[in-house]
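Chain residues, written in single-letter form:
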Amino acid sequence: MTVNKIDHICIAVKDLAAARKIWEPILGKSAPDDEYIDEPEKINVARYWVGEVGFELMESTTPDGDVAKYIEKHGEGIMLLSLNVDDTRESMETLKNKGYPFIGGARPFRDCEYAFIHPQKVNGVLLELIDYKWDELKK
């Protein structure tokens, strides 16, 4: 298993528009570099590039979404750290063989897959593995 870089950091927010007004001046941006809604994950995302690392603001699209549940339990703040790997499924197998539990299996995103390691095994951090190549950085 190879970790290439920190892929992105996600901040769970109640109100994406309000959070953008807070973070964009700090990041030196007037708009997100990438915006999307992920219906299966029930999230609305504003992604900003900070060097080659994504900084994401995530708002739940439904009251029962994982982001909404996280905020209800922990409040707004850092929810997730994502590591970019060469192959998500191969990385999952390597880590499963070392005793790391995953939340569900590999999930699709654009032209790649991602998976979550359970926080109980990694010091309370929701850790994501993703094998996206981010050609957007080369534009």
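The following refers to the structure shown. Quick caveat: nothing in here was measured; it's all calculated off a predicted structure. (Residues numbered from 1 in each chain as written. Predicted model: local features only at pLDDT ≥ 70, side-chain atom pairs only at ≥ 80, totals over all residues. Heavy atoms only, no water.)

### Regarding the state of the cysteines
As used here, a disulfide is simply a covalent bond connecting the sulfur atoms of two cysteines. Which entries qualify depends on this criterion: The rule for a disulfide is simple: a pair of cysteine sulfur atoms within 2.5 Å. A 1.4 Å probe rolled over the protein chains alone gives each residue an accessible area, and that area as a share of the maximum for its type sets the label: buried under 20%, exposed over 50%, partly exposed in between.
What the rule picks out here adds up to 0 disulfides. With no disulfide partner, Cys112 has as its closest neighbouring cysteine sulfur the one in Cys10, 13 Å distant. On the basis of relative accessible area, Cys112 is assigned to the buried category, the value being 8%.

### Details of the packing of aromatic side chains
What counts is decided by this rule: Aromatic pairs are defined between Phe, Tyr and Trp rings, using the six-membered ring for Trp, whenever the two ring centres lie within 6.5 Å; interplanar angles under 30 degrees are classed as stacked, those over 60 as edge-to-face, and all others as tilted. By the criteria applied, helices consist of DSSP H or I runs no shorter than four residues and strands consist of E runs no shorter than two, each listed in order from the N terminus. Consider the ring centre and the ring normal. A charge sits over the ring if Lys NZ or Arg CZ is within 6 Å of that centre and within 35 degrees of that normal.
Across all of its chains, the model carries 4 aromatic pairs by this definition. Plain terms: the ring middles of Phe109 and Tyr132 are 5.9 Å apart, the flat faces sit at 65° to each other, and that makes the pair edge-to-face. Highlighted residues: Phe109 in strand β6 (residues 102-109) and Tyr132 in the segment after β8 (126-130), separated in sequence by 23 residues. On the accessibility criterion, Tyr132 (11% relative accessible area) is buried. Each ring, one from Tyr114 and one from Phe116, has its centre 5.5 Å from the other, and the planes form 75°; the classification is edge-to-face. Look at Tyr114 and you get buried, because its relative accessible area is 5%. Following the ring pairs from residue to residue traces out a cluster consisting of Tyr36, Phe109 and Tyr132. One residue, Arg47, lies across the ring of Trp49, its end atom 5.1 Å from the ring centre.

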